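Spelled out, the chains give:
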Amino acid sequence: MKNLIAFVLAILSAILAFITLRWLTKSREDIDWQDAARPGRLLDVDGVSLHYVEAGPAKKPALFMVHGFGGHTFSFRRQMEAFSKDYRCVAVDLMGFGYSARPADGDYSLTGQATLMLGAMDRLGIERATLLGHSMGGAVVMRMAAAAPERVERLVLAASVSGQRVPLAPRPGFIRPLLPGLSRLIMVRDFGRKMFYDPSAMDVETIRATYMEPARLHGSMNTIWQMWGDVPHDPPIDYDRVTMPTLVLVAEKERVIPFYSRTLAHIRANLPHAQIEPVERTGHLLLEENPARCNELIRAFMAPAKKAKGREVVAAT
C-alpha cells in the first residue's frame, strides 16, 4: 500500500512539474513584428525601425520621452495630452520594446539605446530637446545628455534608476527557455501593488494588459536575453557633462527599484544641481498614477525664463 501511495505521489509530482515547466516555457509571442497594429509610425535609424508617436506643433520646443523596462509609448499618453499644445511631444519605443524592431544581433546596451535615441532626434529634425526618461529610460536619457549635452535643454528623471553600471550575473543557458514564464511572473504577480501607491484607484488590469501587449511580438524575449549580456558592459556615465537643469520626480512608495534610497543618494551625489521633487501618493508608475501633479512640476520646470527689470524671473504657467 505504501509503495502504491509513493508511486501515485511520484506521478502527481511529475505531472505538476511538467505543467509548471510548460507554463514557464510557453511563449506569448504569436505576432510577427511586421504585422503588428501600431499606434504610431516607424522611423529608420541606422537600419533599426523605431516606433514613435508625436503630437504638437513641429516648431514648438521639443519634449522627447523615453520609457522604462517593459514600457512603451503608452507610458507617456498623459504627458502627450498635457503638453502637445505648447510643445512638440515625441515618445519613442526603445529597440526591442513596444512596437520597435527586435533585431536578433542588435546592441541592447543602454549606451547603444541612447545612441539610437539621438539618431531618432536627428531623423526627426530635433536639434535640441527636453528629455524625459522614466525608470530605465532615466539611464538612457542621462547617457544621451552625457554624449551630446549641447542637444539637451533640460533633463527630467521620473522614478529613475541611478544610471550606475548594472552588476548582472553571467547568463546561464538553461534560463533562456524560462524567460517567458519569468516575465509573466514579474508583470502579473502583484502588478498593482508593485506599480501603484493605491491600485484600487487605478484600472490595473487594463493598464497591465496594455503594457504587456507588445510582448506578443516575436523577438521580445530575445530582447531581455540580449540586454542581460549587453548592459553589464555599459561604460560609466560621465556626469561631468550632465550639467543642464535637471528635475527628479520621486514616487512616495517606490516598490520596483530596490534600495531606492541608495539610488536617490547616487543621483544627488552625481547631479548636485538637480531639483528633487517627491510626488505624493504615487508608486513606480507615477506619471500614470498622478499625472496632474507630475505634469504641473514638469511644466513649471520647463517654463522659459524671462527678463524683467534687470532680473530673471520664471514665466507664469
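These numbers were taken from a predicted model, which means no experiment stands behind them.

A. Representation of the overall build of the chain within the structure. Of the regular secondary structure elements, the chain holds 11 helices and 10 strands. For the chain, the accessible area works out to roughly 15800 Å², and carbon and sulfur atoms hold 57% of it.

B. Layout of the environment of L50. Among the secondary structure elements, L50 is positioned in strand β2 (residues 48–55). Here L50 falls in the buried class, since its relative accessible area comes to 1%. Spatially, the C-alpha atoms of L50 and A101 are 6.3 Å apart, while their sequence positions differ by 51 residues. Leave out the neighbours within four places in its chain, and L50 touches R41, L42, L43, V45, V92, D93, M95, S100, L116, M117 and A120.

C. Molecular detail of the packing of aromatic side chains. Counted by the stated rule, this structure contains five aromatic pairs. Both rings, one in F69 and one in F97, keep their centres 5.5 Å apart while their planes meet at 70°; by these two values the pair is edge-to-face. Residue F69 is located in the loop between β3 (62–66) and α2 (77–83), and its partner F97 is located in the loop between β4 (88–92) and α3 (110–123); the two are separated by 28 residues in the primary sequence. Take F69: its relative accessible area is 48%, and that puts it in the partly exposed class. A relative accessible area of 7% means that F97 is categorised as buried. Judged by centre distance (5.7 Å) and plane angle (70°), the rings of W225 and W228 are edge-to-face. Pair noted here: W225 and W228 are both in helix α8 (residues 220–230), with a separation of three residues, about one helical turn. For W225, a relative accessible area of 8% gives the class buried. Here the guanidinium or amino end of R38 rests over the ring plane of W33, the centre of that ring lying 4.5 Å away. A cation sits over an aromatic face here: R262 above F259, 4.7 Å from the ring centre.

D. Focus on α3. Taking 1.5 Å per residue as the helical rise, α3 with its 14 residues ought to reach 20 Å, and the 20 Å between its terminal C-alpha atoms agrees with that figure. Of all the 14 residues making up α3, 10 are buried; the element is thus mostly covered by neighbouring parts of the structure. When α3 is considered as a whole, its buried residues turn out to be L110, G112, Q113, A114, L116, M117, L118, G119, A120 and M121. Where α3 terminates, the next one or two residues include G125, which has phi positive at roughly 70°.

E. Just the pairing of β2, in detail. Most of β2 sits inside the fold, with six of its eight residues counted as buried. The pairing of strand β1 (residues 41–45) with β2 spans five bridges and is antiparallel. Across the sheet, V45 pairs through a bridge with V48, a residue of β2. Taken together, β1 and the strand that follows it, β2, pair antiparallel across an intervening segment of two residues, in which D46 is found at a positive phi of about 50°. Here four bridges tie β2 to β4, and the two strands are oriented antiparallel to one another. Its bridge partner lying in β4, E54 is registered against V90.

F. Quick look at the sheet that holds strand β8 (residues 275–279). Taken in spatial order, the eight strands of this open sheet run β1-β2-β4-β3-β5-β6-β7-β8, and their pairing is mixed. In this open sheet, the two edge strands, each paired with only one partner strand, are β1 and β8. Averaged over all pairs of adjacent strands, the angle between their axes in this sheet comes to 25°, without regard to strand direction. The sheet contact formed by strand β6 (residues 152–158) and strand β7 (residues 246–251) spans four bridges and is parallel. Following the sheet pairing, V156 is matched in β7 by L247. The strands touched by helix α9 (residues 260–270) are β7 and β8; relative to β7, the strand with the most contacts, the crossing angle is about 170°.

Each value, and the rule that gives it
Residues numbered from 1 in each chain as written. Predicted model: local features only at pLDDT ≥ 70, side-chain atom pairs only at ≥ 80, totals over all residues. Heavy atoms only, no water. Helix = DSSP H or I, 4+ residues; strand = E, 2+ residues; numbered from the N terminus. Areas by Shrake-Rupley, 256 points an atom, 1.4 Å probe, with all protein chains shown as cover. Buried < 20%, exposed > 50% of the residue type's maximum accessible area, 1.4 Å probe, protein only. Contact = heavy atoms within 4.5 Å. Phe/Tyr/Trp six-rings, centres within 6.5 Å; stacked < 30°, edge-to-face > 60°. Lys NZ or Arg CZ within 6 Å of the ring centre and 35° of its normal. Expected span 1.5 Å × (residues − 1). Pairing = 2+ DSSP bridges. Axes fitted to C-alpha atoms, helices over the stretch in contact; angles between N-to-C directions.

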